[in-house]
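Chain and residue survey
The lines below spell out each chain.
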Number of protein chains: 2
Amino acid sequence: MRAEIIAVGTELLLGQIANTNAQYLSQKLAEIGIGVYFHTVVGDNTERLLQTIRHAASRSDLIIFTGGLGPTQDDLTKETVAAHIGVGLETNQPAMATIEAFFTQRNMVMTENNRKQALVIEGSHVFANDFGMAPGMGISHAGSTFVLLPGPPSELYPMVERYVMPYLTQLLPDKQVFHSRVLRFYGIGESALEAQLLDLIEKQENPTIAPYAKEFEVTLRITARAATIEEAEALILPVEQEIRGRLGQYIYATGESSLHEVWVEELKRRQETVACAESCTGGSLASLITMVPGSSAVYNGGIVCYTNEVKHRFLDVPEEVLQTDGAVSEKTALILAENVREKFGTTYGLSVTGVAGPDPSEGKPVGLVYIGIAAEGLPTVVKELRLAGKRHAIVKRAAKYALFYALQMQKER
Amino acid sequence: MRAEIIAVGTELLLGQIANTNAQYLSQKLAEIGIGVYFHTVVGDNTERLLQTIRHAASRSDLIIFTGGLGPTQDDLTKETVAAHIGVGLETNQPAMATIEAFFTQRNMVMTENNRKQALVIEGSHVFANDFGMAPGMGISHAGSTFVLLPGPPSELYPMVERYVMPYLTQLLPDKQVFHSRVLRFYGIGESALEAQLLDLIEKQENPTIAPYAKEFEVTLRITARAATIEEAEALILPVEQEIRGRLGQYIYATGESSLHEVWVEELKRRQETVACAESCTGGSLASLITMVPGSSAVYNGGIVCYTNEVKHRFLDVPEEVLQTDGAVSEKTALILAENVREKFGTTYGLSVTGVAGPDPSEGKPVGLVYIGIAAEGLPTVVKELRLAGKRHAIVKRAAKYALFYALQMQKER
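Residues numbered from 1 in each chain as written. Chains lettered and ligands numbered in written order. Predicted model: local features only at pLDDT ≥ 70, side-chain atom pairs only at ≥ 80, totals over all residues. Heavy atoms only, no water.

Chain A is annotated in an unreviewed UniProt entry as Putative competence-damage inducible protein from Brevibacillus panacihumi W25. Under the UniProt heading Sequence similarities (unreviewed entry), the entry covering chain A gives this text: "Belongs to the CinA family." (UniProt positions renumbered as here; feature names shortened; annotations may be inferred.)

Rendered as structure tokens:
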């Protein structure tokens with residue numbers, strides 16, 4: 001099956017955003033053995049989009065569109081694909097209900113152009129949008145299948161995972177199943193991981209092994225092709241065991257859940273609680289934890305202690321420690337973790353203090369970070385890290401390291 | 001002038017990297033008024049690349065290629081463009097000298113395939129590669145100009161800045177410039193904004209008006225084409241004034257900075273400080289603020305008060321308020337904002353308390369959010385919001401609303 005991806009949006013042609021959707025979809029299609037031969041970006045222009053559709057239909061079996069499903073006048077993907085096929089649009093009632101609920105909930109009056117988002121191509125298979133208003137759709141015509149998806153990644157990704165992948169899998173000519181296991185790593189970079197597994201990656205056939213880096217975590221997807229899921233599992237197992245033998249200490253979970261989700265679920269299961277004292281991560285660690293639904297059962301609260309005064313006044317870090325060891329030190333991290341745990345009365349206390357940059361602080365280099373993990377009944381642990389990258393990357397990586405070490409500590413309790 | 005960008009590389013079609021080169025080049029071309037009409041990605045395959053070149057040459061005046069200039073067998077961009085034009089390749093002596101020097105300096109033996117990198121299309125204008133081995137080149141043929149550039153951004157960017165931009169500028173028929181102003185909105189959705197400006201958008205020509213939503217903010221780009229920047233400004237001004245007359249209350253800034261960046265810059269300029277008490281945003285507000293470099297000058301710290309006990313113990317919200325009004329209430333938001341400001345000794349105290357979902361809380365609906373803004377010398381303000389969307393969207397929107405209202409309050413001080 002020959003596929004191509006067409007992104008529709010003048011903002012891409014103006015360079016306002018990069019076409020990361022094409023990258024994401026290419027990865028997803030590769031996983032189920034569909035080869036992608038072209039990416040195209042075309043602007044919000046009916047004539048050029050129509051030419052692009054015709055050209056794609058003449059050479060590809062599967063054409064996936066992203067963008068141009070929104071409410072405004074320059075959103076014209078479904079209108080133009082429908083014109084190419086020679087059918088009309090019809091209102092999708094579930095989508096209309098979602099849109100109306102959106103405005104009702106907000107006490108807002110729905111403007112007329114929002115109705116447009118509930119229109120789908122006549123006869124198409126509709127993919128619900130669980131994180132937005134415009135549904136996706138798929139329709140086959142004259143030997144090509146057209147799949148139309150929303151542009152915002154926050155809407156696109158879940159739609160692809162939940163609805164589009166099963167739809168595409170049943171388009172495949174043979175009835176083989178593609179089955180994957182995802183191993184989740186932390187504390188190792190993508191290229192170091194690849195170097196350790198190069199022999200396996202080079203000889204891969206079935207299963208395939210694909211490392212991905214996303215949101216500062218590395219995952220490895222092992223995908224097998226077989227007649228049944230059980231047979232695919234049997235192909236995956238020895239490969240997984242080999243990888244665990246080499247890199248087991250970096251693997252924190254399997255599946256689709258990120259570090260913060262794994263940690264919150266494990267806290268819930270054990271009925272444990274956590275509080276955070278954050279200096280350089282500035283709320284990012286708390287934010288990761290509280291983004292998980294139901295985190296209020298395990299997360300009591302925390303203090304963002306950006307200044308020395310706040311560290312001293314709210315978390316009792318002695319002034320002499322701040323002056324001699326400094327705010328960015330093993331000792332400060334230790335005191336912060338223990339005191340935040342005690343003050344908030346939680347099972348765990350996590351602390352992060354470091355230099356996020358762009359400038360050094362206290363004569364300490366950008367990227368130096370200390371993480372403290374205090375746990376009920378265990379000696380407090382402090383880890384020193386030297387992280388690379390810009391401010392944003394250092395902050396995000398430090399927050400995730402805190403969760404990674406907390407998970408390790410949790411296994412010991 | 002109609003331009004398109006063709007990236008050559010199978011790694012892009014496998015999703016291993018995103019096509020950020022196309023984004024960069026689109027921005028550079030927009031700066032000098034060259035409109036980009038298509039981006040294409042094609043793999044390392046002679047036949048498909050040749051078809052792509054022919055198709056591009058039939059519709060565009062300027063075709064910019066990235067990638068496929070390296071030493072290996074699957075680098076075939078210049079060979080294929082030369083075949084399309086009907087000319088051969090020739091060795092570029094300065095490039096060959098660069099390549100030889102590279103190996104001599106490192107005491108390495110040059111493998112034969114490296115000579116291939118010094119080959120350029122016969123008769124082309126050569127762009128030196130100051131950060132790598134493969135030179136770029138430009139050549140005009142049958143009404144189209146072909147520009148071939150290396151794929152690695154570290155080689156591409158400096159080559160474009162130093163050599164390609166002057167080359168492209170002298171291709172331009174007239175000396176027009178394109179000049180933009182970006183208006184930044186908050187508190188209004190993209191479709192509501194468009195509905196309010198529909199008459200302007202429909203009759204747009206010069207300047208053009210393009211609304212765009214990103215990270216829960218809406219921006220509007222007004223772009224004018226004129227002989228000089230001053231003339232472009234003169235075209236933009238009346239349109240901007242008309243838009244401000246209609247929607248001025250939602251405009252918080254002009255330019256490329258987001259809400260949190262604008263707020264931190266303004267705090268720095270005024271030498272003011274802020275502290276936050278966050279319930280439902282769970283650290284996201286602090287995280288937004290502290291992601292801005294230099295925020296430590298204005299942000300003292302804050303408390304994430306996820307439980308009632310933390311609200312009471314750390315921020316002195318009276319138990320009877322939590323019991324009668326509830327944690328999600330105007331009164332709690334007011335007390336949190338005033339007390340966090342007092343405890344941290346800052347100019348502003350911001351509070352957010354609400355129901356992020358997925359489940360209602362205290363019998364209050366998902367999306368109900370109260371934001372408190374306490375400021376030195378001004379009466380504290382509390383705003384009630386009813387936000388739609390999933391947990392993640394409610395949290396991000398609530399954090400940005402806090403910044404938006406804080407900016408409004410700041411103007412009154």
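Next comes the rest of the description.
Residue placement: Gly282(B) occurs in the loop between strand E13 (274-278) and helix H11 (284-290). Considered as a pair, Gly282(B) and Gly326(B) are 44 residues apart in the sequence and their alpha carbons are 18 Å apart. Aside from chain neighbours lying at most four places away, what touches Gly282(B) is Gly283(A), Ala286(A), Ser287(A), Thr290(A), Val304(B) and Tyr306(B). (Helix = DSSP H or I, 4+ residues; strand = E, 2+ residues; numbered from the N terminus. Contact = heavy atoms within 4.5 Å.)

As for its placement among the helices and strands, Thr281(A) is situated in the loop between strand E13 (274-278) and helix H11 (284-290). The buried category is assigned to Thr281(A), whose relative accessible area is 0%. Polar side-chain contacts of Thr281(A) include one of 2.7 Å to the side chain of Glu278(A). With sequence-adjacent residues up to four places away left out, Thr281(A) is seen in contact with Val352(A), Val395(A), Ala398(A), Ala399(A) and Thr290(B). (Buried < 20%, exposed > 50% of the residue type's maximum accessible area, 1.4 Å probe, protein only. Polar contact = N/O pair within 3.5 Å; in protein donor to acceptor, adjacent residues only side chain to side chain.)

This part covers the interface of chain A and chain B. Counting residues at the interface gives 68 residues for chain A and 69 residues for chain B. With both chains or domains summed, chain A and chain B bury close to 5,700 Å², and 58% of this area falls on carbon and sulfur atoms. Taken together, chain A and chain B are joined by zero salt bridges. Counting across the interface, chain A meets chain B through 32 residue pairs in polar contact (both at pLDDT 80 or more). Broken down by class, the residue content of the side of chain A that touches chain B amounts to 27 nonpolar, 32 polar and nine charged. (Buried area = accessible area lost by both parts, 1.4 Å probe. Salt bridge = Lys/Arg side-chain N within 4 Å of Asp/Glu carboxyl O. Nonpolar A, V, L, I, M, F, W, Y, C, P; charged D, E, K, R; others polar.)

Okay, the side chain of Thr307(B) next. Along the chain, Thr307(B) turns up in the loop between strand E14 (299-305) and helix H12 (308-315). A distance of 3.2 Å separates a polar atom in the side chain of Thr307(B) from the backbone nitrogen of Val310(B). For Thr307(B), the contacting residues outside a window of four places in its chain are Tyr299(A) and Asn300(A).

Looking now at the pattern of salt bridges. Residue and element names in this part refer to chain B. Tallied over the full model, the rule gives 49 salt bridges over all chains. Of the charged contacts, one joins arginine 269 and glutamate 266 as a salt bridge, the two residues approaching to 2.7 Å between their closest N and O atoms. A residue pair is termed a helical-turn pair when its members lie 3 or 4 positions apart in one helix, as arginine 269 and glutamate 266 do in helix H10 (residues 259-270) at three residues. Note that arginine 413 and glutamate 272 form a salt bridge whose closest N and O atoms lie 2.6 Å from each other. Of the two residues, arginine 413 is situated in the segment after helix H15 (391-412) and glutamate 272 in the loop between H10 and E13; the sequence distance between them amounts to 141 residues. For glutamate 272, a relative accessible area of 6% gives the class buried.

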